[in-house]
Amino acid sequence: MSPQRTKEEKKRWQDYAGERLTGSARAAPRAFRAGSRSAGGLRFIPIREAPRLQGGELHYGNWVPMKLIYIPGLLSLLSLAAAFFFLPALAAFCLFFLVFLYFLYARRAFSPRGGDVQDKILGLVLSHLDWNGEGQALDIGCGNGPLAIKLAHQYPEARIVGIDYWGARWDYSKAVCERNARIEGVEDRLSFEKASASRLPFEDGSFGVAVSNLVFHEVADARDKREVIREALRVVKKGGHFVFQDLFLLKSMYGDPDELMATIRSWGIKGAEFVRTSESAFIPFWLKLPFMVGRIAIIAGEK
Ligand SMILES: C[S@@+](CC[C@H](N)C(=O)[O-])C[C@H]1O[C@@H](n2cnc3c(N)ncnc32)[C@H](O)[C@@H]1O
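Residues numbered from 1 in each chain as written. Predicted model: local features only at pLDDT ≥ 70, side-chain atom pairs only at ≥ 80, totals over all residues.

Peer 1: Is there a simple way to explain the overall build of the protein chain in this structure?
Peer 2: Tallying secondary structure elements over the protein chain gives 11 helices and seven strands in all. Among the 303 residues that make up the protein chain, the fraction classed as buried is 34%. By sequence separation, contacts in the protein chain at least 24 residues apart represent 67% of the contacts at least 6 residues apart. (Helix = DSSP H or I, 4+ residues; strand = E, 2+ residues; numbered from the N terminus. Buried ≥ 20, exposed ≤ 12 C-beta atoms within 10 Å, placed from the backbone. Contact = placed C-beta atoms within 7 Å.)

Peer 1: Just to check I follow, could you spell out the sheet that holds strand β1 (residues 136–140) for this structure?
Peer 2: Backbone hydrogen bonds are what pair the strands of a sheet, in a parallel or an antiparallel way. Ordered by their spatial adjacency, seven strands build an open sheet running β3-β2-β1-β4-β5-β7-β6, and the pairing between neighbours is mixed. The two strands at the open ends of the sheet, each matched to only one other strand, are β3 (190–194) and β6 (270–276). Pairwise comparison of adjacent strand axes, ignoring direction, gives a mean angle of 15 degrees for this sheet. The pairing of β1 with strand β2 (residues 159–164) spans five bridges and is parallel. Bridge assignment links leucine 138 to a residue of β2, and that residue is valine 161. (Pairing = 2+ DSSP bridges. Axes fitted to C-alpha atoms, helices over the stretch in contact; angles between N-to-C directions.)

Peer 1: It is not clear to me how the packing of helix α5 (residues 117–127) against helix α6 (residues 146–154) should be interpreted in this structure. Could you clarify?
Peer 2: Pairs of packed helices are described in terms of their axes, by the angle between the two and the distance that separates them. As a packed pair, α5 and α6 sit with axes 10 Å apart at the nearest point and diverge in direction by 55 degrees. The angle between the axes of α5 and α6 places the two elements in the oblique class. Crossing of α5 over α6 shows right-handed handedness. Contact residues: α5 offers Leu122, Val125 and Leu126, while α6 offers Pro146, Leu147, Lys150, Leu151 and Gln154. Its residues assigned to classes, the contact of α5 with α6 shows six nonpolar, one polar and one charged. (Parallel < 35°, antiparallel > 145°, perpendicular 65-115°, else oblique. Left-handed = near helix turned anticlockwise from the far one by under 90°. Nonpolar A, V, L, I, M, F, W, Y, C, P; charged D, E, K, R; others polar.)

Peer 1: For this particular structure, what's the right way to read the pairing of strand β7 (residues 297–302)?
Peer 2: Along a regular strand, successive side chains alternate from one face of the sheet to the other. Counted residue by residue, β7 has five buried out of six residues, so it is predominantly covered. Direction of pairing for β6 relative to β7: antiparallel, over a ladder of five bridges. Counted as the bridge partner of valine 275 is isoleucine 298 from β7.

Note that all results are geometric; they support no functional claim without further evidence.
What follows is the structure, given as structure tokens:
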């Protein structure tokens, strides 16, 4: 660690290292990179610290977009102004201000500066993947690449393909994925391409593993989102593994979870497990509300 670091930076470094070191044995390797300093000849670089050390800046994005803060913030200011002329508008101010505060809190809790809950949830997803790391994995709807890059750290021999439609709705792009992979030092094993999850441009059984995080519900050209799951499973080879996280507890989209699992098993999937994400202890109470993490679940298994 450089002696010029501020106390706060030093603490963050220690927090990260401590957090990773106390994680599962399987998760540990992805947290560190080979480098030049430290007793064993390896330099432990917490992933989030890497960009500063290498002169770049990671941008994985936040699942709470800024507009969810700006809009209620602006509406609360407008309703406060209106309350000077029409007192009942104070009630609207209180409501918008609470919404503003909530999303401000949630965005921070998801970010590395807050609880880093977003990164921890991705870690949780991968902790349900049963894979020896040999062969090729596909990340469906990779966004700015956080899950694909985490996978690359966790499995140093694996090659990973990330696909995404990269529409206007999200501030994600192929260029940012490639830059993030470069900063993280895994660009030689990752590739990214534009494609839709509803029609993956790959032959049946092309991948040893498929992963996906919070994407299937977004696929606009699939009315029945279970068909997106089926399409994802199509490209997994026999005996390959998968782990998908999405709004699987949203009945209006996926139906009853038991029926959903029965349907998936009827496609020949073995040992499929269903995990409610919000039951994880690291997720703060206020993020467990139904419109945040409350309806999210993980489905993992073997084809
Ligand atoms: C909530 S973001 C999640 C991104 C990323 N998986 C992550 O964990 O940060 C939803 C992603 O789904 C992508 N998406 C939406 N429709 C898609 C489609 N038809 N095919 C592939 N990706 C799609 C969006 O572009 C966006 O990157």
